Amino acid sequence: MNVLIIYCHPSRESYTYQILCQLKNVLKKENIEFQISDLYEMDFQSEMTEQEYMREGLLNLDLPISQDVQKEQKKIENSDCIIFLYPVWWSDCPAKLKGWFDRVYSVGYAYGYDSEGNKIKKMENVKYGISLCTAGHPNTFLDEIGIAESMRKVMIDDRLGMRFNKKEMIILGGTLEREKVEEEHSETVKNIGKWIKEYCT
Ligand SMILES: Cc1cc2nc3c(=O)[nH]c(=O)nc-3n(C[C@H](O)[C@H](O)[C@H](O)COP(=O)(O)O)c2cc1C
């Protein structure tokens, strides 16, 4: 079983990085193999080029797919579970992760229609997808103002969408008062290892 972590945070001093370290330990303990796409460390290009737009926007599937995008697509193909780990910035993921979806979910790979209107996508369904994000506001507040639901709709219903068999949105909220939430967050991260084992084996 293989897990792919798409990790997006610029700083190793961050709380989100602490969560990454905990997650790695949990997966190791459960003997689950994993690899990480650390988007900042890789200097992953998040902006779509004009040439890429000509392919995506004008549905010209004969144009080539960039090497870095192909590498990410290969990683998806080798994964039973993908965990997207990121901080909530302005009620969404950081721009770099949004750019990963813009570019890696290329037409004909993650979505698309042929000239007869039939759905075409090469990407096989991944068993399990987890969106795991840290947020400054507490979960109760994000629920109250409807932002938790809008983030869930965009990440789970659209970006993970029909490409994953089982999907989970986990918000580790309240990080502005870290000491109050750290223990609960650690427990949640511990459970992720068990859920992956239960669902993917
Ligand atoms: C640019 C920026 C925008 C942010 N926007 C939000 C937001 O919309 N909602 C929220 O709950 N927290 C927001 N936060 C707080 C982060 O979610 C929080 O700092 C992070 O989850 C945990 O801290 P870390 O950066 O140390 O990992 C924002 C933080 C930054 C830097």
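Residues numbered from 1 in each chain as written. Predicted model: local features only at pLDDT ≥ 70, side-chain atom pairs only at ≥ 80, totals over all residues. Heavy atoms only, no water.

(A) Expanded view of the packing of helix 1 (residues 15-29) against helix 7 (residues 178-200). Two elements in contact, helix 1 and helix 7, have axes separated by 9 Å at closest approach and are oriented at 35 degrees. Taken as a pair, helix 1 and helix 7 cross one another with a handedness that is right-handed. Residue-level contacts link Tyr15, Gln18, Ile19, Gln22, Leu23, Val26 and Leu27 of helix 1 to Arg178, Glu182, His185, Ser186, Val189, Lys190, Ile192, Gly193 and Ile196 of helix 7. Split into classes, the residues belonging to the contact of helix 1 with helix 7 amount to eight nonpolar, five polar and three charged. (Axes fitted to C-alpha atoms, helices over the stretch in contact; angles between N-to-C directions. Helix = DSSP H or I, 4+ residues; strand = E, 2+ residues; numbered from the N terminus. Left-handed = near helix turned anticlockwise from the far one by under 90°. Contact = heavy atoms within 4.5 Å. Nonpolar A, V, L, I, M, F, W, Y, C, P; charged D, E, K, R; others polar.)

(B) Seen up close, the pattern of salt bridges. Counting across every chain of the model gives 16 salt bridges. A salt bridge links glutamate 30 to lysine 197, with the shortest nitrogen-to-oxygen separation between them at 3.8 Å. Taken as a pair, glutamate 30 in the loop between helix 1 and strand 2 (33-38) and lysine 197 in helix 7 lie far apart in primary sequence, 167 residues in all. Judged by relative accessible area, which is 31%, lysine 197 ranks as partly exposed. We note a salt bridge from glutamate 187 to lysine 190, for which the minimum N-O separation is 3.2 Å. Linking glutamate 187 with lysine 190, this pair stays in helix 7, spanning three residues, or about one helical turn. In the salt-bridge network here, residues are joined through shared partners; they are Glu149, Arg152, Lys153 and Asp157. (Salt bridge = Lys/Arg side-chain N within 4 Å of Asp/Glu carboxyl O. Buried < 20%, exposed > 50% of the residue type's maximum accessible area, 1.4 Å probe, protein only.)

(C) Looking closely at the sheet that holds strand 1 (residues 2-7). Spatially, the five strands line up as an open sheet ordered 2-1-3-4-5, and their pairing is parallel. Edge strands, defined here as strands with exactly one partner in the open sheet, are strand 2 and strand 5 (164-172). Taken over all neighbouring pairs, the strand axes of this sheet differ in orientation by 15 degrees on average, direction set aside. Sheet contacts for helix 4 (residues 95-104): strand 1 and strand 3 (81-87); angle to strand 3, the most-contacted strand, approximately 145 degrees. (Pairing = 2+ DSSP bridges.)

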